[in-house]
Amino acid sequence: MEAAANLTNRIRTLDAFRWLIVAAGAGALIWSSILLPAPKLDWRFLILAAVMMLVSSRFAIPIPGVNTNITISDTFIFLVLLLYGGLAAMLLAAVEGLFSGLRISKRPLVVAFNSAMMLFSTSLTVMVLRLCFGPITDLRLQDFSHFVGAAGTMALIQYFSNSGICAVGLAIKEGTSVWRTWQTHYLWTSITYLSGAAMARNRFQLDRSDWPLGRAGRSADHSDRLLHLSQISKRD
């Protein structure tokens, strides 16, 4: 009887935590829409988003015991963040979280939580990058050491915020400590974020000298690069 009551309380607490993250994600989206500059999106952004959805859906690693999984989508989110700015990356992260949530659950709250978690963690990454390194789209104008520091910070903030939210949710579900849950289930996932940031950094470094947002003359060349990126991701 007591065990059933404890289970019921954990389920209620978990749902309350999920609603909290959904509200935080909505607040982050409103904040970013007001304060961040509007991204200059083009058809190349749509190609990059489509490739991300296709590749990440085929290379999703489920986490046992919790409704979430690990994908290579952070590579694409990081690349969009560097190329198009924070708001574009947040929108892409929210869409990726939505589709990822639909693959692991049909419950609306779980799907909304997954999308909001990606949105909120990406918004934290954007905020820290802007505070520490200035406008994100201006990173291409900085020296190499400055850019490497920004890329490393980007990966770590995304990792700790994303895995931290997941760890809290799983700890509530299992009735264990957040620290033990994070060590057991999420410590090793840091490699996916660090490698994703490294791949995005390398692609951005190749493009930084000739990436004019909106210049049509190089569109075919950049499309080839996006296809090359998807091939690298599939091999990994």
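Reading the values: rules and limits
Residues numbered from 1 in each chain as written. Predicted model: local features only at pLDDT ≥ 70, side-chain atom pairs only at ≥ 80, totals over all residues. Heavy atoms only, no water. Helix = DSSP H or I, 4+ residues; strand = E, 2+ residues; numbered from the N terminus. Core = buried A, V, L, I, M, F, W, Y, C linked by side-chain atoms within 4.5 Å. Buried < 20%, exposed > 50% of the residue type's maximum accessible area, 1.4 Å probe, protein only. Contact = heavy atoms within 4.5 Å. Salt bridge = Lys/Arg side-chain N within 4 Å of Asp/Glu carboxyl O. Phe/Tyr/Trp six-rings, centres within 6.5 Å; stacked < 30°, edge-to-face > 60°. Axes fitted to C-alpha atoms, helices over the stretch in contact; angles between N-to-C directions. Left-handed = near helix turned anticlockwise from the far one by under 90°. Nonpolar A, V, L, I, M, F, W, Y, C, P; charged D, E, K, R; others polar. Expected span 1.5 Å × (residues − 1). Polar contact = N/O pair within 3.5 Å; in protein donor to acceptor, adjacent residues only side chain to side chain. Parallel < 35°, antiparallel > 145°, perpendicular 65-115°, else oblique.

1. Some words on the environment of valine 110
Phase 1 of the analysis: Position of valine 110 among the secondary structure elements: in helix 5 (residues 108-133).
Phase 2 of the analysis: In sequence terms valine 110 and leucine 98 are 12 residues apart; their C-alpha atoms lie 9.5 Å from each other.

2. A short note on the nonpolar core
Within soluble globular proteins, side chains that are nonpolar tend to cluster in buried spots.
Phase 1 of the analysis: Grouped together as the largest cluster of nonpolar side chains are 57 residues, with contacts concentrated most on Ile21, Ile77, Val80, Leu81, Leu129, Leu139 and Met154.
Phase 2 of the analysis: For this core, the elements supplying multiple residues, two or more each, are helix 1 (2-35), helix 2 (43-58), helix 3 (73-84), helix 4 (86-104), helix 5, helix 6 (144-174) and helix 8 (190-207).
Phase 3 of the analysis: If you tally residues by element for this core, the top one is helix 6, at 11 residues.
Phase 4 of the analysis: The contact partners of methionine 154, leaving out residues within four places of it in the chain, are Phe78, Leu81, Leu82, Thr125, Leu129 and Ala197.

3. Remarks on the pattern of salt bridges
Phase 1 of the analysis: This model, assessed by the stated rule, comprises 4 salt bridges.
Phase 2 of the analysis: A salt bridge links arginine 44 to aspartate 42; its shortest N-O distance comes to 2.7 Å.
Phase 3 of the analysis: The salt bridge involving arginine 103 is made with glutamate 96; its shortest N-O contact spans 3.9 Å.
Phase 4 of the analysis: Through salt bridges with shared partners, a single network forms among Asp15, Arg18 and Arg107.

4. Focus on the side chain of serine 163
Phase 1 of the analysis: In this fold, serine 163 is placed in helix 6.
Phase 2 of the analysis: Given a relative accessible area of 2%, serine 163 falls into the buried group.
Phase 3 of the analysis: With near-sequence residues (within four places) excluded, serine 163 lies in contact with Trp182 and Tyr186.

5. A look at the packing of aromatic side chains
Phase 1 of the analysis: The tally for this structure, following the rule as stated, stands at 7 aromatic pairs.
Phase 2 of the analysis: With centroids separated by 6.1 Å and ring planes inclined at 55 degrees, the aromatic side chains of phenylalanine 17 and phenylalanine 113 adopt a geometry described as tilted. Of this pair, phenylalanine 17 sits in helix 1 while phenylalanine 113 sits in helix 5, placing them 96 residues apart in sequence.
Phase 3 of the analysis: Exposure remark for phenylalanine 113: the relative accessible area of 10% places this residue in the buried category.
Phase 4 of the analysis: Among the aromatic side chains, those forming a connected cluster through ring pairs are Tyr159, Phe160, Trp179, Trp182 and Tyr193.

6. Remarks on the packing of helix 6 against helix 7 (residues 178-185)
Phase 1 of the analysis: Look at helix 6 against helix 7: their axes get within 8 Å of each other, and the N-to-C directions meet at 115 degrees. Crossing hand, helix 6 versus helix 7: right-handed. Of helix 7, the residues touching helix 6 (which contributes Tyr159, Phe160, Ser163, Gly164, Ala167, Val168, Leu170, Ala171 and Glu174) are Val178, Thr181, Trp182 and His185.
Phase 2 of the analysis: Across the contact of helix 6 with helix 7, the residue classes tally to 8 nonpolar, 4 polar and 1 charged.

7. Quick look at helix 4
Phase 1 of the analysis: Under the 1.5 Å per step criterion, the end-to-end length of helix 4 is 27 Å for 19 residues, consistent within 8% with the ideal 27 Å.
Phase 2 of the analysis: Among all positions of helix 4, only Gly86, Leu87, Ala88, Ala89, Met90, Leu92, Ala93, Ala94, Glu96, Gly97, Ser100 and Gly101 are buried.

8. A closer look at the environment of asparagine 6
Phase 1 of the analysis: Of note, asparagine 6 is situated in helix 1.
Phase 2 of the analysis: A relative accessible area of 35% places asparagine 6 in the partly exposed class.
Phase 3 of the analysis: For asparagine 6 and glycine 175, which are 169 residues apart along the polypeptide, the C-alpha to C-alpha distance reads 8.9 Å.

9. Quick word on the environment of serine 177
Phase 1 of the analysis: Looking at the secondary structure, you find serine 177 in the loop between helix 6 and helix 7.
Phase 2 of the analysis: By relative accessible area, serine 177 is classed as partly exposed at 37%.
Phase 3 of the analysis: Polar side-chain contacts of serine 177 include one of 3.2 Å to the backbone nitrogen of arginine 180.

10. Re the packing of helix 3 against helix 5
Phase 1 of the analysis: Packing of helix 3 against helix 5 leaves a shortest axis separation of 12 Å and a crossing angle of 40 degrees. Viewed along their axes, helix 3 and helix 5 adopt a mutual orientation that is oblique. In the crossing of helix 3 with helix 5, the sense of the turn from one axis to the other is right-handed. Residues Asp74, Ile77 and Leu81 of helix 3 pack against Met118, Thr122, Thr125, Val126 and Leu129 of helix 5.
Phase 2 of the analysis: Each residue belonging to the contact of helix 3 with helix 5 can be placed in one class, and the counts come to 5 nonpolar, 2 polar and 1 charged.

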